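What follows is each chain in one-letter form.
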Amino acid sequence: MKSDSARVRVTGWQAIVLLAGFIFASGVGAVPALEGTWQGRIELPNQHLDIEVVLQGNNNQLSGTISIPAQGAKNLPLKDLLISARNDLTSVAFVIDGVPGNPSFLGELALTEDGRQIDSLSGLFSQSGGTFAFNLIPADPIGSALEALGDLAATAEQALIDFQAPGAAIGIVYKGELIYARGFGLRDVKNNLPMTADSLFAIGSTTKAMTTMVLGMLVEAGRLSWDDPVRNYLPQFKLADEGVASQTTVRDLVTHRTGMPRHDLMWYNNTSTSREEAVRRLEYLPLTAAPRSRFQYNNLMFMTAGVLAATVAQESSWEDLMRSRLLDPLNMTRSNFSVTESQQDDNFARPYLIDDGDVREIPFRPLDLIGPAGSVNSSINEMANWLKLNLAQGQFEGDQLLSTTTLDDLQGYHMPMGSEPSNQEFTPPVYGLGWIVGSYQGKKIVHHSGGIDGFITNVMLFPQQDLGVVAFANANTELPQWLSFTAVDRLLDHPQKDWLGQALARKNNAETVNSTERDDPRRKLKTKPSHKLNAYVGEYVHQGYGPLRIEQNGDQLQLVYNDMDVPLDHWHYDVWKSSAKAQDTAMRNHLAQFHHNVNGDIATISIRAEPTAEPIVFDKQVDAQMKDPSWLAQWVGDYATPIAVLSVVQKGSVLHVVVPGQPTYELVPELGGRFHFDSVPDVVVQFDPDTNNMLVMQPSTTIEAKKL
């Protein structure tokens, strides 16, 4: 089949002649400029190898790079770029620098009929004695990509309607450029403010890859090693198993393989605990697997990694370290670490909850405590710089912020996640260092999602194709992920699949299932609590999870934890269930069981705060007044018994009993408004406010001591 332009087949003999022509050639001014992008393939036996060549400069002084996606080769430098114009033939030669086997290209240009434009470059590729045909044509990858995206805006707008999301945005980086950045819908429904590519949003757990990149910078600087024990840098690091704690490495922290499950309720909405204190509390959180045996997603370990990074770098905080090492060099000047700071900006998205078909605005979730795991807020335009850095082998605007070796490690395969892909287009996922790594449609994909109340984010990279996508929505929806894959399929010429339609069908089916839920047959109806409601009221404490309070509101109990106030509905016996309609979704549908001690006092409350572990047991605390000096003072004095006179004395906030002929006993407060002797716990004392007398209770007898 003939074309409109002249084409010449280069044989092995002709290649030798042409090479000689390079030596004696003079002047190439009449040849159209070769600068630009060329795409094509090398024809190997029974297959082909796609390649992309980028040439820069004028024809007399060309430089360039070559990328071979299937081999993971990107922007390999070219050398010995030569052009020879002789008679009616123009030949081009170049060599891939630094690759064994002297891989060389020698080909001829085919021009359009008028001779003003290049139609193709065809010839022979040689390496290690093998010779294969190649063909390249001038390309406009950016223009072609934009054309391939087609009606993406219309697709996104329709998805907003289908998924009931107030707003969304997407950014696409391709060949080192931000080629698409656009917002859809509203960032603020009440004030009818549009979503834009500059709207700040919470990127959630996609922060994790930023934390690991800064850790990688510290590794390169020789400040730490991935495989050193955490204890080398944080001596205070402890876990429920001392042996596990001593062997846990920095790499373990950021690959979710320490043996600890999520325990997210411990930090959720916790605004009063410091990160340093949270690290100390890890010792009291149950482990549920042997170290490195199972993937268990854990935000607390990433928080610990952030504390470690700041400590090693001798920075005052993880935030300062991130700003100086990453955000500032990437010109991410509006990106920040606090939803409070975001709300001071002129352009920020508000969070919304899609709940039983209704869409309502919800409060911002503060993530300061867990910051290194997910507190960054950014925009599509600024996140584009983060994508560029990861796609450009650690380089941004000419500065090498991270070596390619470290970047490969971050985006490498470290911990199998133990799950099967939901679609045949994907391979089973493996966790990297802050990234999830796998294959999509035969191409390596490096990605992560982020989900926090009112915001869903998805970041994905296709390193071999030099493609990155970031998308988000300001509501709890699958839209960002599947809008991203819709764009990727168009850009990479994959078979078109209705990802958004499938996600919508799942959403609608889930709503149907939820609307037809039946009563739980495990519930024992027509049962009553064992105590009056006020007996359950008080403060309860777990050393890892911290304090919670049970309050009484009329004929209902309320659970208050980390500033989350949740109504409790009586379930059966001494079990209550947090309301399914609680304003804070994190506290919905938790079963809480109260337990009493041998004295019949409500002593503990157990909650399955972590679904994969045994219930967390919170111990009820004694009434605060029992340590109040002014309240204790009323019981000071002498008390007569049939045997002796006992004296109660006060030392600050502690009462003591003096028994003639015996040591002085400290009165230790206990539940039920009683005290016991410190060294003889079986001897219990209770003061009677009506008579001012003191009951002294022993296993064998109870004596009433009258106040003198």
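Below: a short report on this structure. (Residues numbered from 1 in each chain as written. Predicted model: local features only at pLDDT ≥ 70, side-chain atom pairs only at ≥ 80, totals over all residues. Heavy atoms only, no water.)

Some details on the packing of helix α3 (residues 152-163) against helix α14 (residues 479-491)
Heads up, the condition is: Only C-alpha atoms enter the line fits that serve as axes; for helices the fit covers just the stretch in contact. Angles between N-to-C directions range over 0 to 180 degrees. Helix and strand labels come from DSSP, where a helix needs a run of H or I of at least four residues and a strand needs a run of E of at least two; each type is numbered from the N terminus. Note on terminology: angles under 35 degrees are roughly parallel, angles over 145 are roughly antiparallel, angles of 65 to 115 are roughly perpendicular, and the others are oblique. By the definition used in this description, the sense in which the near helix is turned from the far one sets the handedness, with an anticlockwise turn below a right angle giving left-handed and a clockwise turn giving right-handed. Contact between two residues is taken to exist if any of their heavy atoms lie within 4.5 Å; hydrogens are not considered. Put simply, Ala, Val, Leu, Ile, Met, Phe, Trp, Tyr, Cys and Pro go in the nonpolar bin, Asp, Glu, Lys and Arg in the charged bin, and everything else, Gly too, in the polar bin.
Put simply, α3 and α14 touch, their axes get as near as 11 Å, and they point 155° apart. Viewed along their axes, α3 and α14 adopt a mutual orientation that is roughly antiparallel. Read as a crossing pair, α3 and α14 show a hand that is right-handed. Counted together, Leu152, Thr155, Ala156, Ala159, Leu160 and Phe163 of α3 and Leu479, Leu483, Ala487 and Arg490 of α14 form the full contact between these two elements. Counted by class, the contact of α3 with α14 contains 8 nonpolar, 1 polar and 1 charged residues.

Some words on the environment of Met564
With respect to the element layout, Met564 can be found in strand β27 (residues 564-572). Along the chain, Met564 and Asn269 lie 295 residues apart, while their C-alpha atoms are 7.4 Å from each other. Residues contacting Met564, with those up to four places away along its chain left out, are Leu265, Tyr268, Asn269, Arg365, Leu559, Asp584, Ala586 and Met587.

Remarks on the sheet that holds strand β31 (residues 616-620)
Operational definition: Two strands pair under a simple rule: DSSP has to find at least two bridges between them.
Strand order in the closed barrel formed by 8 strands is β24-β25-β26-β27-β28-β29-β30-β31, and the pairing between neighbours is antiparallel. Each strand axis lies, on average, 30° off the axis of its neighbour in the sheet, ignoring direction. Two strands pair when backbone bridges link them, and β27 and strand β28 (residues 575-578) are joined in this way by 4 bridges, in the antiparallel orientation. Bridge pairing in β28 places His570 opposite Trp576.

Re helix α4 (residues 208-220)
Helical geometry: 3.6 residues make up each α-helical turn, so side chains three or four residues apart lie on a common side. The line we're drawing: Expected helix span is computed as 1.5 Å times (number of residues minus one). For the exposure calls, accessible area comes from a 1.4 Å probe over protein chains only, and a residue counts as buried if that area is under 20% of its type's maximum, exposed if over 50%, partly exposed in between.
Its 13 residues place the ends of α4 19 Å apart at the C-alpha level, agreeing with the 18 Å of an ideal helix rising 1.5 Å per residue. Counting buried residues in α4 gives 11 out of 13 residues, a clear majority hidden from the surface. Among the residues of α4, Lys208, Ala209, Met210, Thr211, Thr212, Met213, Val214, Leu215, Gly216, Met217 and Leu218 are the ones counted as buried. Gly222 sits one or two positions beyond α4 and adopts a positive phi of about 80°.

In short, shape yes, function no, at least from these values alone.
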